[in-house]
Amino acid sequence: MDLVFNAPRVITAAGEVAASIGVREGRIHAIEPLGTELPAEHTVNLDGDEVLLPGLVDTHVHVNDPGRSEWEGFETATRAAAAGGVTTIVDMPLNSLPPTVDVAALETKRAAAHGRVHVDVGFWGGAVPGNLGELRGLHEAGVFGFKCFLLHSGVDEFPPLDQRQLHEAATRIRELDAMLIVHAENSAAIEQAPGARGRRYLDFLGSRPRDAENIAIAEVIELGKTTGARLHLLHLSSAEGIGMLADARREGLALTVETCPHYLSFVAEEIPDGATEFKCCPPVREAANRELLWRGLAEGIIDCVVSDHSPCTPELKRRDTGDFGEAWGGIAGLQLGLPAVWTQARRRGFALTEVVRWMAEQPAAQTGMRRKGHIALGYDADFGVFAPDETFLVDAGKLAHRNPVTAYHGLPLAGVVRRTWLRGKEITADEPSGALLRRGDC
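Residues numbered from 1 in each chain as written. Predicted model: local features only at pLDDT ≥ 70, side-chain atom pairs only at ≥ 80, totals over all residues. Heavy atoms only, no water.

**Some details on the overall build of the protein**
Rules: Under the DSSP-based scheme used, a helix requires at least four consecutive residues in state H or I and a strand at least two consecutive residues in state E, with every element numbered from the N terminus. Radius of gyration: C-alpha atoms only; globule rule: 2.2 Å multiplied by the number of residues to the exponent 0.38. Burial classes: relative accessible area under 20% of the type maximum marks a residue as buried, over 50% as exposed, and values in between as partly exposed (1.4 Å probe, protein chains only). Only heavy atoms matter for contacts: two residues are in contact if any of them lie within 4.5 Å across the pair. Each accessible area is a Shrake-Rupley result for a 1.4 Å probe, and residues are judged covered by the shown protein chains and nothing else.
Along the backbone of the protein there are twelve helices and 17 strands. For the protein, the C-alpha radius of gyration of 21 Å lies close to 22 Å, the compact-globule estimate for 442 residues. For the protein, the spread of C-alpha atoms along the three principal axes comes to 65 × 45 × 45 Å. The proportion of buried residues among the 442 residues of the protein is 59%. Long-range pairs, those at least 24 residues apart, make up 74% of the contacts in the protein with a sequence separation of at least 6. Split by element, the accessible area of the protein, about 16100 Å² in all, is 48% carbon and sulfur.

Structural data, given as structure tokens:
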């Protein structure tokens, strides 16, 4: 073997076991009972307080590079991912310039990432008005699917689809046997709500009512029924949509669902006025809503938990005024997803095996990755060494992402990622070794 891990606790595809894991040429080559002699060039012996996890897969990351790399960038985003035990990310098609809506833009993005990534990176394409003819080329170039909005995205260069355009895009995407991922908020419902302005978080919450999300979820379900397209619902925040989603699943609809660590961690009642670092769309809702999201995870209606890491510069968060109407919407949490989810999960009696399913196995399966998300024979040797009982206080200034702004600042969390490996090589901050992924090749 090139590398062997001896660990009293390993989260494998079969559950938690004590095991020795052998790695050869970047893949998992052996899984044996702990203590089995596996000769190797290098051996890592885990301490009793450590667990060997599969590398996490985060399929919802806004890297913003090129064009807005002062917001983040491939180097800093992938360092943050590695520090949080994430070994694979899929980058969103908007907030970079140009947005990933044609093959030329995809190649521009890949060129910006080349030689600068510390974890493996895949790419989503975009479905926007006027690019229907570009979808096949993007699909053949290896994007993992196509993202669309049902309302203004926040940036003018990535406009939303109207109902006719949405149906046309979904039909074309079904013909490609691809997947459409949807930011589901209804624009008319938001236009009828009070505007977002001022320092009160509850006023901002009122500007993005749960009805806007619920209506859009119903629209996405109907879209699946009429087109037969594979659909994925992004960042579920309204627990009122869970019943509709469960019914759609029972009817056999090809629909998967994600939520995010911030919806599982924070509650509207505790967000201070003026704390614009908590602004995101859809918004963090009330405590009762949070508990229903956890129930949706427990019942398997929500498939996965991914970060929706959407950072920006401190100035764009308008912390000088604390005005939620003026601030950029997005929470920076790529590095903190695992401890944030684990902190809340263990309070509710969930095991690490369930957290790994939500944050590694299911995101990999949802995007068709065949060698990611599991500790199993033949899979990529992507690992995180996690100390689940070690606690820490989040300091935004010590995180690896570019700008020291996060809603998690000052929060006590349980679980520390001590080391991370990508395809059998330990990730260090000074030597990028990640690959640029194409759908079907991983």
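**A closer look at the sheet that holds strand β13 (residues 255-259)**
Put simply, the rule is: For two strands to be treated as a pair, DSSP must find at least two bridges joining them. Note on geometry: axes are C-alpha line fits, over the in-contact stretch for helices, and angles between N-to-C directions span 0 to 180 degrees.
Strand order in the open sheet formed by six strands is β9-β10-β11-β12-β13-β14, and the pairing between neighbours is parallel. Looking at which strands have only one partner, the edges of the open sheet turn out to be β9 (125-126) and β14 (304-305). Across four bridges, strand β10 (residues 146-149) lies against strand β11 (residues 179-183) in parallel orientation. Within β11, the residue paired with F149 across the bridge is H183. Contacting β12 (230-233) and β13, helix α8 (residues 242-250) crosses the sheet at an angle of about 150 degrees to β13.

**Some points on the packing of aromatic side chains**
Let me state the cut-off plainly: Paired rings are identified among Phe, Tyr and Trp, the last through its six-membered ring, by centres lying within 6.5 Å, and are further divided according to the angle between planes into stacked (under 30 degrees), edge-to-face (over 60) and tilted (the rest). We call a charge positioned over a ring when the NZ of a Lys or the CZ of an Arg lies within 6 Å of the ring centre and within 35 degrees of the ring normal.
A complete count under the given rule lists 13 aromatic pairs for this structure. Seen from their ring centres, F5 and W421 are 4.8 Å apart, and the 90 degrees between their planes marks the pair as edge-to-face. Of this pair, F5 sits in strand β1 (residues 3-12) while W421 sits in strand β16 (residues 412-422), and the two are 416 residues apart along the sequence. Given a relative accessible area of 0%, F5 falls into the buried group. With centroids separated by 5.7 Å and ring planes inclined at 15 degrees, the aromatic side chains of F204 and F324 adopt a geometry described as stacked. You can see F204 sitting in helix α6 (residues 201-207) and its partner F324 sitting in the loop between β14 and α11 (337-347), a full 120 residues away along the chain. Grouping residues by exposure puts F204 and F324 together as buried. An aromatic cluster of at least three residues, connected via ring pairs, comprises F5, F383 and W421. For R68, the ring lying beneath its charged end belongs to W71, and the centroid distance is 5.3 Å.

**Details of the nonpolar core**
Let me state the cut-off plainly: What makes a nonpolar core is a set of buried Ala, Val, Leu, Ile, Met, Phe, Trp, Tyr and Cys residues whose side-chain atoms join them at distances within 4.5 Å.
Core analysis: the biggest nonpolar cluster contains 100 residues, and F146, L180, L236, L245 and W358 have the highest contact counts within it. Residue contributions to this core peak at six residues, all from helix α12 (residues 352-366). In contact with W358, not counting residues within four places along its chain, are W294, L297, D303, C304, V305, V341, A345, F350 and P363. Counting 25 residues, the second largest nonpolar core, distinct from the first, contains W71, M92, F158 and A212.

**Focus: the packing of helix α4 (residues 163-175) against helix α7 (residues 210-227)**
Note the following rule: Note on angle classes: values under 35 degrees are labelled roughly parallel, values over 145 roughly antiparallel, values of 65 to 115 roughly perpendicular, and the remainder oblique. Each crossing is labelled by how the near helix is turned from the far one, with a counterclockwise turn of less than a right angle marking it left-handed and a clockwise turn marking it right-handed. In the scheme used here, Gly and all other residues not listed as nonpolar or charged are polar, with Ala, Val, Leu, Ile, Met, Phe, Trp, Tyr, Cys and Pro taken as nonpolar and Asp, Glu, Lys and Arg as charged.
In contact at an axis separation of 10 Å, α4 and α7 are set at 50 degrees when each is read in the N-to-C sense. What the angle tells us is that α4 and α7 run oblique. As α4 packs across α7, the resulting crossing turns out to be right-handed. For the pair α4 and α7, the contacting residues are Q163, L166, H167, A170, T171 and R174 in the first and E219, L223, T226 and T227 in the second. Among the residues forming the contact of α4 with α7, the class breakdown is three nonpolar, five polar and two charged.

**Observations concerning α12**
Here is the rule: Expected span of a helix: the number of residues minus one, times 1.5 Å. Think of it this way: the bend at a residue is just the angle between two axes, each fitted to seven residues, one set ending at that residue and the other starting at it.
When the terminal C-alpha atoms of α12 are compared, their 20 Å separation across 15 residues agrees well with the 21 Å that a helix rising 1.5 Å per residue should span. Bending of α12 peaks at approximately 35 degrees at the position of W358. Within α12, the full set of buried residues consists of L352, V355, V356, W358, M359, A360, E361, P363, A364 and Q366. Backbone geometry just after α12 places G368 at a positive phi near 75 degrees.

**Comments concerning the side chain of Q165**
With respect to the helices and strands, Q165 occurs in helix α4. Using a relative accessible area of 19% as the deciding quantity, one classes Q165 as buried. Excluding residues that lie within four positions of it along the chain, Q165 makes contacts with P129 and P160.

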